[in-house]
Every structure is written in C-alpha cells, then in structure tokens.
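# Per-entry structural report
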Amino acid sequence: MLKTVLLGLSRAPLMKRMVVGFPLTRRIVQRFVAGESIEDCLRVVRALLASNLMATIDFLGEDTVTVTQADRVTDTYVELLNRLAAEGMADRVEVSIKLSALGSLLKDGYELALDNARVICTTAERAGTTVTVDMEDHTSTDATLRTVRTLRTDYPWAAAVLQAMLFRTSTDCAGHAGAGQRIRLCKGAYAEPAEIAHRSKSAIDRNYKRCATILLEGDGRPLFATHDSAMIEHVRSVANRIDRSQSSYELQMLLGIRSEEQRRLAGLGHQVRVYVPFGTDWYAYFMRRLAERPANVLFLLRALRERPTKKPAPSGF
Ligand SMILES: Cc1cc2nc3c(=O)[nH]c(=O)nc-3n(C[C@H](O)[C@H](O)[C@H](O)COP(=O)(O)OP(=O)(O)OC[C@H]3O[C@@H](n4cnc5c(N)ncnc54)[C@H](O)[C@@H]3O)c2cc1C
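No experiment lies behind these values; they were computed from the predicted model shown. (Residues numbered from 1 in each chain as written. Predicted model: local features only at pLDDT ≥ 70, side-chain atom pairs only at ≥ 80, totals over all residues. Heavy atoms only, no water.)

### Examining the environment of Thr64
- Its location among the elements puts Thr64 in the loop between strand E1 (54-59) and helix H5 (67-86).
- Residues Thr64 and Ala101, spaced 37 residues apart in sequence, show a C-alpha to C-alpha distance of 5.2 Å.
- Not counting residues up to four positions away in its chain, the partners in contact with Thr64 are Gln69, Ala70, Val73, Ser100, Ala101, Gly103 and Leu106.
- A distance of 2.8 Å separates a polar side-chain atom of Thr64 from the backbone oxygen of Ala101. (Helix = DSSP H or I, 4+ residues; strand = E, 2+ residues; numbered from the N terminus. Contact = heavy atoms within 4.5 Å. Polar contact = N/O pair within 3.5 Å; in protein donor to acceptor, adjacent residues only side chain to side chain.)

### What to know about the environment of Gln252
- Looking at the element boundaries, Gln252 is found in strand E7 (residues 250-254).
- Sequence-wise, Gln252 and Tyr275 are 23 residues apart; in three dimensions their C-alpha atoms are separated by 7.1 Å.
- The contact partners of Gln252, leaving out residues within four places of it in the chain, are Arg184, Leu223, Phe224, Ala225, Thr226 and Arg273.
- Reaching out from Gln252, the side chain makes a polar contact with the side chain of Arg184 at a distance of 3.0 Å.

### Thoughts on the site of the ligand
- Close to the ligand lie 25 residues, the nearest being Gly188, Thr226, His227, Glu292 and Asn296.
- Take Met135: an N or O atom from its main chain is 2.8 Å from a nitrogen atom of the ligand.
- Within the backbone of Gly188, a nitrogen or oxygen atom sits 2.6 Å from an oxygen atom of the ligand.
- Relative to its unbound accessible surface of 920 Å², the ligand loses 87% to contact with the protein.
- The cavity that encloses the ligand is the largest pocket.
- Of all the elements in the fold, those that place two or more residues in the shell around the ligand are strand E4 (160-163), strand E5 (182-186), E7 and helix H12 (283-292).
- Among the elements that take part in the shell around the ligand, E7 stands out by supplying three residues, more than any other.
- Its residues placed into classes, the shell around the ligand shows 10 nonpolar, six polar and nine charged. (Near = heavy atom within 4 Å. Areas by Shrake-Rupley, 256 points an atom, 1.4 Å probe, with all protein chains shown as cover. 1 Å grid on protein atoms, 1.4 Å probe; cavity = no way out; pocket = protein on both sides within 12 Å on 5 of 7 lines; lining within 4 Å. Sits in = over half its atoms within 2 Å of the grid points. Nonpolar A, V, L, I, M, F, W, Y, C, P; charged D, E, K, R; others polar.)

### With respect to the layout of surface pockets
- By volume, the largest pocket is sized at about 1,200 Å³.
- Every residue lining the largest pocket is counted, 41 residues in all, and those nearest its centre are Lys187, Gly188, Ala189, Arg289 and Glu292.
- Counting only elements with at least two residues in the lining of the largest pocket, the list comes to helix H1 (2-9), helix H3 (25-32), E4, E5, helix H9 (201-217), E7 and H12.
- The element contributing the most residues to the lining of the largest pocket is H12, with four residues.
- Tallied by class, the residues present in the lining of the largest pocket amount to 16 nonpolar, nine polar and 16 charged. (Points joined across faces, edges and corners; volume = space filled by probe spheres on them.)

### So, the pairing of E7
- With five of its five residues buried, E7 lies for the most part within the structure.
- Sheet analysis places strand E6 (residues 221-225) next to E7, joined by three bridges and oriented parallel. Bridge pairing in E7 links Leu223 to Glu250.
- With helix H10 (residues 229-241) bridging E6 and its parallel neighbour E7, the resulting β-α-β unit is right-handed.
- Sheet analysis places E7 next to strand E8 (residues 272-278), joined by four bridges and oriented parallel. In the sheet register, Met253 faces E8, and the bridge partner there is Val274.
- Tracing the backbone out of E7, into helix H11 (residues 259-267) and back to the parallel element E8 gives a crossover that is right-handed. (Buried < 20%, exposed > 50% of the residue type's maximum accessible area, 1.4 Å probe, protein only. Pairing = 2+ DSSP bridges. Right-handed = clockwise from strand over helix to strand, strands pointing away.)

Here is the structure:
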C-alpha cells in the first residue's frame, strides 16, 4: 500500500517540488546519490574501486521533454566516458542509460533515443567499456528490448534489463540467454498492473529464482541485480551446481544499500558492480528507493524532524 503510494508520488510534480525544495531531504538523498556533478560521481566511484568493487554510472533524469535536454544528457555521458578512459577506469566502470532520458517520450522519440544511445555506445567502445540500457515501466518493455537488439548489431556487448515481477520475463530470459548476451535481472521497481505482473514478494522472488536459473544455464553473461540474500544464495548455489565460474556472471547492487555485503561478496571473489547515480534530477529515483523499503521512509521522517547539523553538506548538494 505504502509502496504504491510512494511510486505514485514519484510522478507527482507538487510532491517533487516539496521534497526537492526541502534542504534536509538532501542529507538522506546523499546515501543513494553520488552528488550532482561528474566530479562528485568520480570521487565516489574511485572509493568503490579501491574496495575491489566495479561500478555502473547513471546520469539521473527521466523527464526529458525536449530534444535539447536529450542532447544534454547524451553530451554528459560522452564527457563522463571520456573521463573514465582518461583516468584508466573504463575496464571496471560502465554506464547505465535510460531511453526516456535520451528522448524516447518525445514524438518519434525511440528513433531519437536510439541515435543518442548509439553516440554513447560509440564513445563507450572507444573508451573500452560497456553500456546497460535500464528497463522502465511495462509500457516501454517491447520498445526498449527492440532498441537493445538494434544496438547489439554494432555493439554486441550492450546489455538489456529484465524485471522478474513481469509475467513475461521467464520467456524473455530464455530468449536472452544466448552466447555472449549481457542481461541484468532485477525484480522491477515500478508499480505494474496485476494483469501483467506478480504483486506479492513471494511470487516475485519465485520468478526471480526461476529466471536466474534460466540465465545461468544459458551461455550469456547474466548480471544479477538484487540486495536479497535469498536471491544471491540461489545464484551462487546454481552456479556451483553447474560449474559456472564466478567470473562468468556479476552481482549488482545500488549505491548506499548493503554496502558491507557488497564488499563481503567481492572478498569472496565475486564480481560485484555498484550502480552509482548522480545528477540533479534525483527525485523519481529517490522515491523508488523509499518505496522499496518502508524503513527508509521512517529514516527520512526522522531526518526531517531533526535540526540541520553544523556540518556543511558535501559538495553537490
Ligand atoms: C544494479 C541495479 C540495477 C537496477 N536496475 C533496474 C532497472 O533497470 N529497472 C528496474 O525496474 N529496476 C531496477 N533495479 C531495482 C530493482 O528492480 C529493485 O527495485 C530493487 O533492487 C529492490 O529489490 P531487491 O532485489 O533488492 O529485493 P527486495 O526484496 O526489494 O529487498 C531485499 C532486501 O534488500 C534490502 N533493500 C532493498 N531495497 C532497499 C532500499 N531501497 N533501501 C534499503 N534496503 C533495501 C533490504 O534489506 C531488503 O530486505 C535495479 C537494482 C539494482 C541493484
């Protein structure tokens, strides 16, 4: 119930103005978002790399309504990828993109988003890294998968994301388990209708395990995005059973969530990649993180009641 309300509010402009305008919210946001600038983001990424973790960077924004905005997002990714190459980080750091940020919601937007995604992929290839295309709500699933398929003709390493909450996903997994295919499997962060999606945690978890097994038994490179120990244990035990090496798949988590566990898994020899969002447009991303865990709302409410500390906010916020 609270989850549905928060996901609804993630699209409410009035709530956005209230939350974004309230200075204390930013203290909580810092846990999940690496700051506003490329410099802020790279500082966080360097620390992750020093802990033996890898990263995928997301320049926040999904409300792109003009071509100029879409170009700005594309230019930011190009600048970021050039910085990753210049600083020698491209072998461990890739980027995640959202087609809505690249213009897919505009008129003829998928062509625009595809052109922009191509620019980003070309720069990523030159830099020596990869790109994952995030999955948004179910209205965009087919168009997003189509876009990734098109990108893969030139950039076979381009990754798509599948969401275990959707009924269709086990079939999609079977179609994306072929040699070399990079596929991120997550539970799904959007409020989806009961006609097309599992709603209970137990059903979503069951489907996640089923999909994970399909991907592990295939020939691709699955990227398991979850903080759920039961899902991670399932992945580890199937991989063990079928003799899949740790280096043939990744475990992925979000910045600020189960950070100790991220380091523990890396210490066990797993490839662990942390999703690092940055930018000023953090509202919708932040509300989805609140929706995932009611305790985060209490954390926020407590912070809103506290007075500001004397400590200055880190740069960017
Ligand atoms: C790397 C990565 C990329 C993702 N990309 C996408 C995408 O492209 N599209 C998409 O729809 N979704 C994406 N997601 C989000 C995903 O779909 C889930 O909404 C999110 O990961 C929570 O599900 P969970 O698997 O962690 O399991 P849950 O059952 O939600 O949580 C399991 C446990 O993890 C911890 N936890 C989970 N979320 C939080 C939180 N917000 N704050 C604190 N603790 C938490 C808690 O201990 C919880 O008990 C991505 C997630 C990750 C990690």
